[in-house]
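Structure at a glance
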Amino acid sequence: MRNRKVPKYSQFCDEIDIDALEEAIGFDVMRTHNEEDIGQCPDYWGLHANGDTTGKFAINREKMVYHCFVCEGGTLLSLAMAHLNTTDESDATEWLYQFAS
């Protein structure tokens, strides 16, 4: 990727458009509780033996993090890295930057 100068993740993470990010990763919100969008885990890590049918995955709009009761959680940067199947933070940061307002 690396076609343009992208700020550090910490400089724009609070400006990420969660709706656009959820659409990009194919996350369908089943329900919202407080500041969390809840739905089926994309299971990038292959930890759900039979898939997630009950909605164990949540993205917190206020804290800008995700959590799954099976896969655990992390930052939106680590989610982007899993979605892109990469260990390169620079590529994931650049990909996420497109969702910053």
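Scroll up to find the structure.
Now for a description of the structure that goes with this document.

Conventions used here
Residues numbered from 1 in each chain as written. Predicted model: local features only at pLDDT ≥ 70, side-chain atom pairs only at ≥ 80, totals over all residues. Heavy atoms only, no water. Pairing = 2+ DSSP bridges. Helix = DSSP H or I, 4+ residues; strand = E, 2+ residues; numbered from the N terminus. Axes fitted to C-alpha atoms, helices over the stretch in contact; angles between N-to-C directions. Contact = heavy atoms within 4.5 Å.

We now examine the pairing of strand S2 (residues 36–39). In the sheet, strand S1 (residues 29–33) pairs with S2 via four bridges, with the strands oriented antiparallel. The residue bridging threonine 32 from the neighbouring strand is aspartate 37, located in S2. Between S1 and S2, which follow one another and run antiparallel, lie two residues, and asparagine 34 among them has a positive phi close to 55°. Sheet topology places S2 next to strand S3 (residues 57–60); four bridges connect them, and they run antiparallel.

The strand order S1-S2-S3-S4-S5 describes an open sheet built from five strands, whose pairing is antiparallel. The outermost strands of the open sheet, each flanked by one partner alone, are S1 and strand S5 (72–75). Sheet twist, expressed as the mean angle between neighbouring strand axes with direction ignored, is 20°. As paired elements, S3 and strand S4 (residues 65–68) share four bridges and run antiparallel to each other. When the sheet's bridge partners are listed, phenylalanine 57 is paired in S4 with cysteine 68. Lying on the sheet, helix H2 (residues 18–25) is in contact with S1, S2 and S3; it crosses S3 at an angle near 150°. On top of the sheet, helix H3 (residues 76–84) reaches S3, S4 and S5; it is set at about 110° to S5, its chief contact.

Spatial relationships are all this shows, so hold off on functional conclusions.
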